Amino acid sequence: MPRTPPRPAPPAPAAGPEPIAAARDAAAALEHELMVEAATLYYEEDLTQAEIGARLATSRSTVSRLLRDARAQGIVQITIHHPWARHSQLEARLRSEFSLRDARVLRAGHKPPEQVLDGVGMLAARYLQETIGDGMVLGVSYGRSIAATIRHLTPPRPLDLVVVQLLGALGSDNPLIEGANLARNLAGKYGAAYRYLYAPLMVEDPRTRDLIAQEPLVQDVLAVGRTADVALIGIGALGDEAPSLIYRGYLTAADVARLREVGGVGNMCAQFFDEHGRELDTDLNRRSISIGLDGLRQVGTVVAAASGPRKARAILGALRAGRVDVLISDDVAVEEVFALQGRAHDRPG
């Protein structure tokens, strides 16, 4: 009796939508796990992409894609916590509009004034460390910005420098902002020599000032200051408040009122100037002992550090005076400088 051939097996049913979705979900889950694993190895364990590829048995290009996708999907979120970030656009604008050799502008944001001052000091310290070298003469003035700068200096090695005081002694109650102390502290950072200016910041009359300036010790230090390769100076503001802590004991409120009446906005090296950068014709300038604004012209590079919007008018006057080569400031102050400059251009006549 002939055999009945076996019946062919019925075809397998086509996969429905549920198994396909399950497979897709499984693949996505595996891809997610790979992204997490690759990101963990790269960002937390500091493995190279090649090392991660070997660990995961995949190619370096696949690892690169996994890391890129991990950032795109929010698995990895990178936040830059940099308190001393710079504003490159304002720096370029300062260099262009005021013909500066360089500018460093702190992104201040909503930081409190003391923190902004500290940040400007950090930027100024970094600039100095990039600039000064063996055999140089470094001049220094006084003030809180200068003190903050010196505090942040971390030189990698000693330098054969001479640090020189650019103006007379304040006699300040705060030794941290006194020129002689700052010169000594700055020299100490580099193991350098320093020269004191054995004279007061201001005397009773111009004749006394001239006599003191002719003393050999004073004359010699001022001459060295004028030949400085780099001068680190502050920019003082002459606002509604006065006298400032710097000038307490030298200027009365009446003195400051008279300076404002003749257009005074600020000072550098104990010399007061107006918003156009013109030195004021006043006995106060003739009574001070320093290298003066004319002396700054002879310095190789004048680096000025100042922070805060209340100093904007003084900063603008200093820039217009043409004595500053490098400005270190913050974005709030610099934006106000440009606003003041714009308003001046808009004035009729």
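So, how was this worked out
Residues numbered from 1 in each chain as written. Predicted model: local features only at pLDDT ≥ 70, side-chain atom pairs only at ≥ 80, totals over all residues. Heavy atoms only, no water. Axes fitted to C-alpha atoms, helices over the stretch in contact; angles between N-to-C directions. Helix = DSSP H or I, 4+ residues; strand = E, 2+ residues; numbered from the N terminus. Parallel < 35°, antiparallel > 145°, perpendicular 65-115°, else oblique. Contact = heavy atoms within 4.5 Å. Phe/Tyr/Trp six-rings, centres within 6.5 Å; stacked < 30°, edge-to-face > 60°. Lys NZ or Arg CZ within 6 Å of the ring centre and 35° of its normal. Expected span 1.5 Å × (residues − 1). Buried < 20%, exposed > 50% of the residue type's maximum accessible area, 1.4 Å probe, protein only. Pairing = 2+ DSSP bridges. Polar contact = N/O pair within 3.5 Å; in protein donor to acceptor, adjacent residues only side chain to side chain. Salt bridge = Lys/Arg side-chain N within 4 Å of Asp/Glu carboxyl O.

Trainee: I would appreciate a short explanation of the packing of helix α2 (residues 49-56) against helix α3 (residues 60-72) in the present structure.
Mentor: To characterise two packed helices, one gives the angle between the axes of the helices and the distance between these axes. Two elements in contact, α2 and α3, have axes whose closest approach is 8 Å; the angle formed by their N-to-C orientations is 105°. Relative to α3, the element α2 is oriented roughly perpendicular. Along the contact surface, α2 presents Gln 49, Ala 50, Ile 52 and Gly 53, while α3 presents Arg 60, Val 63, Ser 64 and Leu 67.

Trainee: Mind showing me how you'd approach the packing of aromatic side chains here?
Mentor: Aromatic ring pairs are defined here through the distance separating the ring centres and the angle between the ring planes. By the definition in use, this model includes four aromatic pairs. Between the aromatic rings of Tyr 42 and Tyr 43, the centroid separation amounts to 4.9 Å while the plane-to-plane angle is 90°, which identifies the pairing as edge-to-face. What links up through ring pairs into an aromatic cluster is the set Tyr 194, Tyr 196 and Tyr 198. A cation over an aromatic ring shows up here: Arg 93 above the ring of Phe 338, its NZ or CZ 3.8 Å from the ring centre.

Trainee: Would you mind showing me how to read helix α5 (residues 113-131) here?
Mentor: Along an α-helix, residues three or four positions apart point the same way, because every turn accommodates 3.6 residues. Counted at 1.5 Å a residue, the expected span for α5 with its 19 residues is 27 Å, and the 27 Å between its end C-alpha atoms agrees. Among all positions of α5, only Val 116, Leu 117, Asp 118, Gly 119, Val 120, Gly 121, Met 122, Leu 123, Ala 124, Ala 125, Tyr 127 and Leu 128 are buried. On its buried face, α5 is in contact with β1 (102-106), β2 (137-140), α6 (144-152), β5 (230-234), β9 (301-305) and β10 (326-330).

Trainee: Please explain the sheet that holds strand β6 (residues 236-237) as it appears in this structure.
Mentor: Each strand in a sheet pairs with its neighbour through backbone hydrogen bonds, running either in the same direction (parallel) or in the opposite one (antiparallel). In spatial order, the strands read β6-β7-β8; together these three strands make up an open sheet with antiparallel pairing. The strands lining the two open edges of the sheet, one partner per strand, are β6 and β8 (271-274). For β6 and strand β7 (residues 264-268), the ladder comprises two bridges, and the chain directions are antiparallel. Each bridged residue has a counterpart across the sheet, and for Ala 237 the counterpart in β7 is Gly 266.

Trainee: Which parts of the structure should I look at to understand the side chain of Asp 102?
Mentor: Counting through the fold element by element, Asp 102 comes out in strand β1. A residue is classified by how much of its surface remains accessible, and Asp 102, at 18% relative accessible area, is buried. A distance of 3.4 Å separates the side chain of Asp 102 from the side chain of Arg 104, its partner in a polar contact. Leave out the neighbours within four places in its chain, and Asp 102 touches Arg 95, Tyr 127, Asp 325, Val 326 and Leu 327.

Trainee: What am I meant to see in the pattern of salt bridges here?
Mentor: For side chains of opposite charge, pairing can occur when their charged atoms come near one another. Applying the stated criterion to the full structure yields 19 salt bridges. The salt bridge involving Arg 86 is made with Glu 91; its shortest N-O contact spans 2.8 Å. Taking relative accessible area as the criterion, Glu 91 reaches 4% and is therefore assigned buried. Close ionic contact of Asp 134 with Arg 157 constitutes a salt bridge, the shortest N to O distance being 3.1 Å. Here Asp 134, found in the loop between α5 and β2, pairs with Arg 157, found in the loop between α6 and β3 (162-165); they are 23 residues apart in sequence, far enough to count as distant. Given the relative accessible area of 45%, Asp 134 is considered partly exposed. With a relative accessible area of 45%, Arg 157 lands in the partly exposed category.

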